[in-house]
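# Inside the fold
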Amino acid sequence: RLLEADLRKAMANGEFELHYQPQINLKANEITGFETLLRWHHPERGPIPPSEFIPVAEDTGLLSTLGEWILEQACREAAGWPRNIHVAVNLSPVQFRSRGLVQSVSRALAVSGLAPERLELEITESVLLQDNEATLSMLHQLRRLGVRIAMDDFGTGYSSLSYLRSFPFDKIKIDQSFVREMSQRADCAAIVQSVASLGANLGMPTVAEGIETEDQLRRIEAAGCTDAQGYYFGRPRPARDLVHTLAALR
Ligand code: G
Ligand code: G
Ligand code: MN
Ligand code: NA
């Protein structure tokens, strides 16, 4: 079992690493940015998936420290990328319960020199489930810093439409479960199409997640999604492996 002590040790020993997965604009057929995904390589146990350790970090309060490191590291790395390329960072609902989030984001931008509009924060519907004034106020404060806010894993939470009304997101990311089942299930295809139209009507780009095949790409394009992400375009990779990809984008 994972313990708080293991996570503390991992942070002290530098066992965490950020990987980056490309996001593609379908019209231009070009990489527009990368999503940051946290990886932990344990010296004895090998890679440990975020689904195992992020809940531990959330429950022990360590996610605020780890979250600050992620934000700062991602912004520092992205500051060296071409200026039209953004970086997306996932934020856990737990990070919204701490008052220091806005300050952490602001500090990460300041120390890295990254232009705020190049930082995109991904939040899930569960952040808004905490639906209180404080959460919305923090989202508005983040927006005032100039960063962009994306609704992640859209369609997997509850009463999604009311969330779109409560806050003007900059982007909707359609959960990969819908994409995976599009070819077998007409209802999933209909949902993706509806979300893409909804996004278009609200002026929000829609990203289809988890694209693994050419067939899925064709389907999400036909559905009207504007952007895509998935193994078909590229797996999450450490920054050092992106050198050539980034050079080609300049
Ligand atoms: O690569 P994947 O197995 O990386 O990620 C699994 C889950 O962990 C996803 O829901 C993803 O959003 C979450 N996750 C990955 N990296 C981070 C991170 O840096 N911060 C937070 N809060 N969640 C992350
Ligand atoms: O919850 P969130 O959307 O932040 O996390 C994205 C998760 O999806 C990460 O675990 C990432 O590694 C994973 N992922 C990204 N692209 C693909 C894909 O094409 N197929 C699958 N199965 N997983 C993917
Ligand atoms: Mn995400
Ligand atoms: Na997602």
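Before going into details, it helps to say that this report is about the structure given with it. (Residues numbered from 1 in each chain as written. Chains lettered and ligands numbered in written order. Predicted model: local features only at pLDDT ≥ 70, side-chain atom pairs only at ≥ 80, totals over all residues.)

## Focus on the overall build of the chain
Looking only at helices and strands, the chain features eleven helices and ten strands. Against the 2.2 N^0.38 benchmark of 18 Å for 250 residues, the chain shows a C-alpha radius of gyration of 18 Å, consistent with a compact globule. Dimensions of the chain along its principal axes, counting C-alpha atoms only, are 50 × 45 × 40 Å. By the burial criterion, 38% of the 250 residues in the chain qualify as buried. (Helix = DSSP H or I, 4+ residues; strand = E, 2+ residues; numbered from the N terminus. Rg over C-alpha atoms; globule rule 2.2 N^0.38 Å. Buried ≥ 20, exposed ≤ 12 C-beta atoms within 10 Å, placed from the backbone.)

## Structural notes on the site of ligand 2
For ligand 2, the set of nearby residues contains 14 residues, the closest of which are Asn90, Gly210, Glu212, Gly230 and Tyr231. Residue classes in the shell around ligand 2 are distributed as four nonpolar, five polar and five charged. (Near = placed C-beta within 6 Å. Nonpolar A, V, L, I, M, F, W, Y, C, P; charged D, E, K, R; others polar.)

## A look at the pairing of strand S7 (residues 171-174)
Residues Lys171 and Lys173 of S7 are buried on one face, and the alternating residues Ile172 and Ile174, pointing to the opposite face, are buried as well. Here three bridges tie strand S6 (residues 148-154) to S7, and the two strands are oriented parallel to one another. By the bridge assignment for S7, Phe154 is matched with Ile174. Summarising the sheet, S7 and strand S8 (residues 206-208) pair through three bridges and their orientation is parallel. (Pairing = 2+ DSSP bridges.)

## Focus: unusual backbone geometry
Generally, phi is negative for residues other than glycine and the peptide bonds are trans, each holding for most cases. One non-glycine residue, Asn29, lies in positive phi territory at about 55°. Counting through the fold element by element, Asn29 comes out in the loop between strand S1 (16-25) and strand S2 (30-42). Backbone geometry places Asp153, a non-glycine residue, at a positive phi of 50°. Asp153 gets classed as partly exposed once you count the C-beta atoms within 10 Å, which come to 18.

## A look at the site of ligand 1
Near ligand 1, the surroundings consist of Thr36, Leu37, Leu38, Pro49, Pro50, Ser51, Ile54, Ile70, Asn90, Leu91, Ser92 and Pro236. Taken together, the residues that form the shell around ligand 1 break down as eight nonpolar, four polar and no charged.

## Focus: the packing of helix H9 (residues 186-202) against helix H10 (residues 214-223)
One can describe the packing of H9 onto H10 by two numbers: an axis separation of 8 Å at closest approach and a directional angle of 45°. Here H9 is positioned oblique relative to H10, judged by the angle of their axes. Between H9 and H10, the contacting residues are Ala189, Val192, Gln193 and Ala196 on the first element and Arg219, Ile220 and Ala223 on the second. For the contact of H9 with H10, the class distribution of residues is five nonpolar, one polar and one charged. (Axes fitted to C-alpha atoms, helices over the stretch in contact; angles between N-to-C directions. Parallel < 35°, antiparallel > 145°, perpendicular 65-115°, else oblique. Contact = placed C-beta atoms within 7 Å.)

## A few points about the environment of Cys75
Looking at where Cys75 falls in the secondary structure, it is placed in helix H3 (residues 63-78). Along the primary structure Cys75 and Arg118 are separated by 43 residues, whereas in three dimensions their C-alpha atoms are 8.8 Å apart. Setting aside residues no more than four positions away along its own chain, Cys75 makes contact with Val87, Ala108, Leu109, Ser112, Leu114 and Leu119.

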